Amino acid sequence: MSASARLYSLESLHALRGFVDQTAEAINAGRLRTGESIDLNQIADELHIAPHNVRRALEPLTNEGLLSFSEPHRVVVAPPDPRELDRVYELRRLIQPGLLVAAIPEAPLVGLDAVGAVTEGFTVVDWQADGTYSTIMDFFYALVKPYNSPAEFTLISELELKSERSLRIGFDELKLRYPTDMQTLSTQYLELLDACRMRSADAVRDAELGYLELSQDISMMTIPSAHVISL
């Protein structure tokens, strides 16, 4: 094999890794929806790589429940698992309020106004746009990380990622179909921000639990067989 051929192969493998990462990001952001398919042969042609290598590279996403193989050369975006969402939110309710309570007495509230501006616009923002969602999550992570253990922070980050896809799609669906209920969510989150400003541990805990309850209801809207839960 020539040096140029080996380099070309490495470039193709690098492109394949990028494609897998981008696919995972698109699914978690809700830009690729349940039931949408990916033609492995087409991707293989575009990346100049064998189809079985594309299939193998996507297998971790099937293990994570993001994709399922419907045919030998096609994968489909899998629906969120309601049992997994139940477990994720149960753990988030157990852990997440405590992380905020630990941070709130001393944490600098940098970015609070920016998060408030996004929150007030819940009914109009594009939830598939990464900047919208990351504004809120970046504030939360910056708030809690210095005041909690690395293990706790890692766990809550992983749990949040597991619920991100259903929540972002749910936000978008709610915005389109039930804008009044979206305003209820906005009000709940603004209560949480106000509790942070007051540095009240009890108010923060109650507001965060209320927000997580509403978030789970909205996440469940993305399950094909789930009924819409009135907020």
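To be clear, the structure that these remarks concern was listed above.
Residues numbered from 1 in each chain as written. Predicted model: local features only at pLDDT ≥ 70, side-chain atom pairs only at ≥ 80, totals over all residues. Heavy atoms only, no water.

A. Main features of empty space enclosed by the protein. All chains considered together, the criterion is met by two cavities of 30 Å³ or more. What the largest cavity holds in volume is close to 140 Å³. Surrounding the largest cavity, 16 residues form its lining, Gln96, Phe140, Tyr189, Glu208 and Tyr211 being those nearest its centre. Elements that contribute at least two residues to the lining of the largest cavity include exactly helix 4 (82-103), helix 6 (130-144), helix 8 (179-198) and helix 9 (201-220). Across the lining of the largest cavity, the residue classes tally to 13 nonpolar, one polar and two charged. (1 Å grid on protein atoms, 1.4 Å probe; cavity = no way out; pocket = protein on both sides within 12 Å on 5 of 7 lines; lining within 4 Å. Points joined across faces, edges and corners; volume = space filled by probe spheres on them. Helix = DSSP H or I, 4+ residues; strand = E, 2+ residues; numbered from the N terminus. Nonpolar A, V, L, I, M, F, W, Y, C, P; charged D, E, K, R; others polar.)

B. A look at the environment of Leu174. The residue Leu174 is located in helix 7 (residues 150-177) in this model. The exposure class of Leu174 is buried, given its relative accessible area of 2%. Each C-alpha atom, one on Leu174 and one on Met221, is 8.4 Å from the other, the two residues being 47 residues apart in sequence. (Buried < 20%, exposed > 50% of the residue type's maximum accessible area, 1.4 Å probe, protein only.)

C. Main features of the packing of aromatic side chains. Applying the stated rule across the entire model yields three aromatic pairs. Centre to centre, the rings of Phe140 and Tyr141 are 5.9 Å apart; their planes meet at 50°, and the pair counts as tilted. Judged by its relative accessible area of 18%, Tyr141 is buried. Ring centres 4.7 Å apart and planes at 65° place the aromatic pair Tyr189 and Tyr211 in the edge-to-face group. (Phe/Tyr/Trp six-rings, centres within 6.5 Å; stacked < 30°, edge-to-face > 60°.)

D. Highlighting the pattern of salt bridges. Inspection of the entire model under this criterion finds twelve salt bridges. Arg33 is the partner of Glu173 in a salt bridge, and the nearest nitrogen-oxygen pair spans 3.4 Å. Taken together, the residues Glu173 in helix 7 and Arg33 in the loop between helix 1 (3-28) and strand 1 (37-39) connect sequence positions 140 residues apart. What makes Glu173 partly exposed here is its relative accessible area of 22%. Residue Arg177 is joined to Glu173 by a salt bridge in which the shortest nitrogen-to-oxygen separation is 3.4 Å. You can see Arg177 and its partner Glu173 sitting in helix 7, four residues apart, about one turn around the helix. Residues participating in the shared-partner salt-bridge network are Arg33, Asp172, Glu173, Lys175 and Arg177. (Salt bridge = Lys/Arg side-chain N within 4 Å of Asp/Glu carboxyl O.)

E. Inspection of the nonpolar core at higher detail. Grouped together as the largest cluster of nonpolar side chains are 47 residues, with contacts concentrated most on Trp127, Ile136, Leu143, Phe171, Leu185, Tyr189 and Val204. The set of elements that each furnish at least two residues to this core consists of helix 4, helix 5 (112-120), helix 6, helix 7, helix 8 and helix 9. Once residues lying within four places of it in the same chain are set aside, the contact partners of Val204 are Leu100, Val101, Ile104, Leu192, Ala195 and Cys196. Of all hydrophobic cores here, the second largest spans 18 residues; its members include Leu16, Ala24, Leu66 and Val77. (Core = buried A, V, L, I, M, F, W, Y, C linked by side-chain atoms within 4.5 Å. Contact = heavy atoms within 4.5 Å.)

F. Local environment of the packing of helix 7 against helix 8. In contact at an axis separation of 6 Å, helix 7 and helix 8 are set at 130° when each is read in the N-to-C sense. Comparing their axes, helix 8 and helix 7 come out oblique. Across from Phe171, Leu174, Lys175, Leu176 and Arg177 in helix 7, the residues of helix 8 making contact are Pro179, Asp181, Met182 and Leu185. Looking at the contact of helix 7 with helix 8, its residues break down into six nonpolar, no polar and three charged. (Axes fitted to C-alpha atoms, helices over the stretch in contact; angles between N-to-C directions. Parallel < 35°, antiparallel > 145°, perpendicular 65-115°, else oblique.)

G. Molecular detail of the pairing of strand 2 (residues 67-71). Looking at chain direction, strand 2 and strand 3 (residues 74-77) are connected through four bridges and run antiparallel. In the strand pairing of strand 3, Phe69 is matched with Val75. Hairpin connection of strand 2 to strand 3: two residues between the antiparallel strands. (Pairing = 2+ DSSP bridges.)

H. Representation of the pairing of strand 3 within the structure. Pairing of strand 1 with strand 3, which is carried by three bridges, proceeds in the antiparallel orientation. Considered in strand 3, the bridge of Ile38 is made with Val75.

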